[in-house]
Amino acid sequence: LKPNPTEEQVLEALRLSYALPATGDGSSNKSVEGADADADVDIRILKVLESYDDRNYLVSVGGVRYLAKVHNGVESEDYVKAYTERRKHKSNGGGGDNNDAGSGVADATSVIDLQNSIFAHLSDPKRGVTTSRPVPVQNHRHPDPTASEDEKDDDILTVSVHSLPVVSSSHSPCPLVVRLLSWVEGRPMSSIPSLPVECLAEAGVYLGRLRAALDGLEESDPSAVRAATRYHAWDGRNALDLRKFVTCIKDEGRRGLVTSVLDCFERTFPKNGEHKPSPLPEGVVMGDFNDANILVDDELRISGVIDFGDSTYR
């Protein structure tokens, strides 16, 4: 369920959630950082960015650059379901347990919740990692349509939900999560034809710092570990699941190469990656630390890292 909105639909979603004008009675509305609450905020799409399952845009809101992300339908549905369960549990006074029908699930979570937890955790300057951070919305397009106005005011949300088209016409329109994230300055390493070895070494150091920083996530937000403990096709532990696609490789030599790698993996990790006892520690990992997600400045120093959509606990 890949999003397929028009640029005007994206702009309208951002206007509704992040750039409301004054109410007309003299009261002011909260808006994005630095914006004038008594005037319409100018929102523009500067560039459509590459994305696999979602839709990403470089946007300008009140002259400040942000990343606007429209999440795919699967992740959006999971987030809305988890949020509604948590809200239901809270409105029932936290009573009952997670098996009580109608009581809600206190610890319901989702991949989008996981990303928010990671962003919040890494926002601490002492972590030494620069990445995006979500911008709070203004309680419009609330994820739980049954929530009262008072309940909505209790929430500080960093996502909004909008009815938008997806590539599949039979599923359109679909409730999709829209988020505004701070823009991380820099160029992807993948956009630079040749990099000095010092830059590559610094990227390795940065990855180590990121990995160490995520070790504290379990303590700061235990729900993040629950969200990260999930099946993900790109998780290396699930490599043997690729066997069902090997027949799609028409070239016999390439097919044999892939099969030999999978055979070797199976001999080493008989249970599809579950090699117990494991000699290595486990924890939340980014899962996508590649040259498209590592940013460098004009001096080819690492300036930040983006995209935690493939994070898992492994």
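Structure: above.
Throughout what follows, the structure given in this document is the object of discussion.

**Describing the overall build of the protein**
And step 1. A tally of regular secondary structure across the protein gives eight helices and ten strands.
And step 2. Within the protein, buried positions represent 42% of all 314 residues.
And step 3. Sequence-distant contacts in the protein: of pairs separated by 6 or more residues, those separated by 24 or more amount to 61%.
And step 4. Looking at the protein as shown, the accessible area adds up to about 17100 Å², and 52% of this sits on carbon and sulfur atoms.

**Side note on the sheet that holds strand 6 (residues 187-188)**
And step 1. Pairing within the open sheet is antiparallel, and its three strands lie in the order 6-8-9. Each edge of the open sheet is held by one strand with a lone partner, namely strand 6 and strand 9 (302-305).
And step 2. Relative to strand 9, strand 8 (residues 294-296) runs antiparallel, the two sharing three bridges. Looking at strand 9, one finds that leucine 295 is bridged to glycine 304.
And step 3. Where helix 5 (residues 197-214) meets the sheet, its contacts fall on strand 8 and strand 9, and the angle it forms with strand 9 comes to roughly 40°.

**Looking at the sheet that holds strand 3 (residues 64-70)**
Either a parallel or an antiparallel arrangement is found when strands of a sheet pair, and the pairing is made through backbone hydrogen bonds.
And step 1. Strand order in this open sheet of five strands is 1-2-3-5-4, and the pairing throughout is antiparallel. In this open sheet, the two edge strands, each paired with only one partner strand, are strand 1 (43-49) and strand 4 (160-164). Across the sheet, the axes of successive neighbouring strands diverge by a mean angle of 35°, strand direction being ignored.
And step 2. As paired strands, strand 2 (residues 55-61) and strand 3 are joined by seven bridges and run antiparallel to one another. The partner of leucine 58 across the bridge, within strand 3, is leucine 67.
And step 3. Helix-sheet contacts for helix 1 (residues 7-18) involve strand 1, strand 2, strand 3, strand 4 and strand 5 (174-182), and the interaxial angle to strand 1 is about 130°.
And step 4. Seen against the sheet, helix 2 (residues 73-91) touches strand 4 and strand 5 and runs at an angle of roughly 90° to strand 5.

**Comments concerning helix 1**
And step 1. Its twelve residues place the ends of helix 1 16 Å apart at the C-alpha level, agreeing with the 16 Å of an ideal helix rising 1.5 Å per residue.
And step 2. Looking at helix 1, one finds that the buried residues are Val10, Leu11, Ala13, Leu14, Ser17 and Tyr18. End-on view of helix 1: buried residues confined to an arc of 160°, all on one side of the axis.
And step 3. Those residues of helix 1 that are buried lie in contact with strand 1, strand 2, strand 3, strand 4 and strand 5.

**Observations regarding the packing of helix 3 (residues 111-122) against helix 5**
And step 1. Here helix 3 crosses helix 5 at 105°, and the two axes come no closer than 10 Å. Relative to helix 5, the element helix 3 lies roughly perpendicular. Contacts between helix 3 and helix 5 pair Ile118, His121 and Leu122 from the former with Leu210, Ala213 and Leu214 from the latter.
And step 2. Residue composition of the contact of helix 3 with helix 5, grouped by class: five nonpolar, one polar and no charged.

**Digging into the pairing of strand 1**
And step 1. With six bridges connecting them, strand 1 and strand 2 associate as antiparallel partners. Note on strand 2: the bridge partner recorded for lysine 47 is leucine 58.
And step 2. What sits between the antiparallel neighbours strand 1 and strand 2 is a turn of five residues.

**Topic: the nonpolar core**
And step 1. Counting residues in hydrophobic clusters, the biggest one holds 30 residues, and the most contacted among them are Leu14, Tyr57, Val59, Val61, Val70, Tyr79 and Leu180.
And step 2. For this core, the elements supplying multiple residues, two or more each, are helix 1, strand 1, strand 2, strand 3, helix 2, strand 4 and strand 5.
And step 3. The next biggest cluster of nonpolar side chains, apart from the first, holds 28 residues, and it includes Cys199, Ala203, Leu214 and Val296.

**Topic: the packing of helix 2 against helix 3**
And step 1. For the pair helix 2 and helix 3, the least separation of the axes is 7 Å and the interaxial angle reads 80°. Classified by the interaxial angle, the pair formed by helix 2 and helix 3 is roughly perpendicular. Seen from helix 2, the contacting residues are Glu75, Ser76, Tyr79, Ala82 and Arg86; seen from helix 3, they are Val111, Ile112, Asp113 and Gln115.

**Let's talk about the environment of lysine 2**
And step 1. Its location among the elements puts lysine 2 in the segment before helix 1.
And step 2. Along the backbone, lysine 2 and serine 51 are 49 residues apart, and their C-alpha atoms lie at a distance of 9.9 Å.
And step 3. At a separation of 3.3 Å, a polar atom in the side chain of lysine 2 contacts the main-chain carbonyl oxygen of serine 51.

**Considerations on the pattern of salt bridges**
And step 1. Within the structure shown, the criterion is met by 15 salt bridges.
And step 2. Residue aspartate 113 pairs with arginine 86 through a salt bridge whose shortest N-O separation is 3.1 Å. With aspartate 113 in helix 3 and arginine 86 in helix 2, this pair connects stretches of sequence that are 27 residues apart.
And step 3. Judged by its relative accessible area of 12%, aspartate 113 falls in the buried class.
And step 4. Between lysine 126 and aspartate 124 there is a salt bridge, and its shortest N-O distance comes to 4.0 Å.
And step 5. Under the relative-accessibility criterion, aspartate 124 is labelled partly exposed at 26%.

Conventions used here
- Residues numbered from 1 in each chain as written.
- Predicted model: local features only at pLDDT ≥ 70, side-chain atom pairs only at ≥ 80, totals over all residues.
- Heavy atoms only, no water.
- Helix = DSSP H or I, 4+ residues; strand = E, 2+ residues; numbered from the N terminus.
- Buried < 20%, exposed > 50% of the residue type's maximum accessible area, 1.4 Å probe, protein only.
- Contact = heavy atoms within 4.5 Å.
- Areas by Shrake-Rupley, 256 points an atom, 1.4 Å probe, with all protein chains shown as cover.
- Pairing = 2+ DSSP bridges.
- Axes fitted to C-alpha atoms, helices over the stretch in contact; angles between N-to-C directions.
- Expected span 1.5 Å × (residues − 1).
- Arc of directions from axis to C-beta.
- Parallel < 35°, antiparallel > 145°, perpendicular 65-115°, else oblique.
- Nonpolar A, V, L, I, M, F, W, Y, C, P; charged D, E, K, R; others polar.
- Core = buried A, V, L, I, M, F, W, Y, C linked by side-chain atoms within 4.5 Å.
- Polar contact = N/O pair within 3.5 Å; in protein donor to acceptor, adjacent residues only side chain to side chain.
- Salt bridge = Lys/Arg side-chain N within 4 Å of Asp/Glu carboxyl O.

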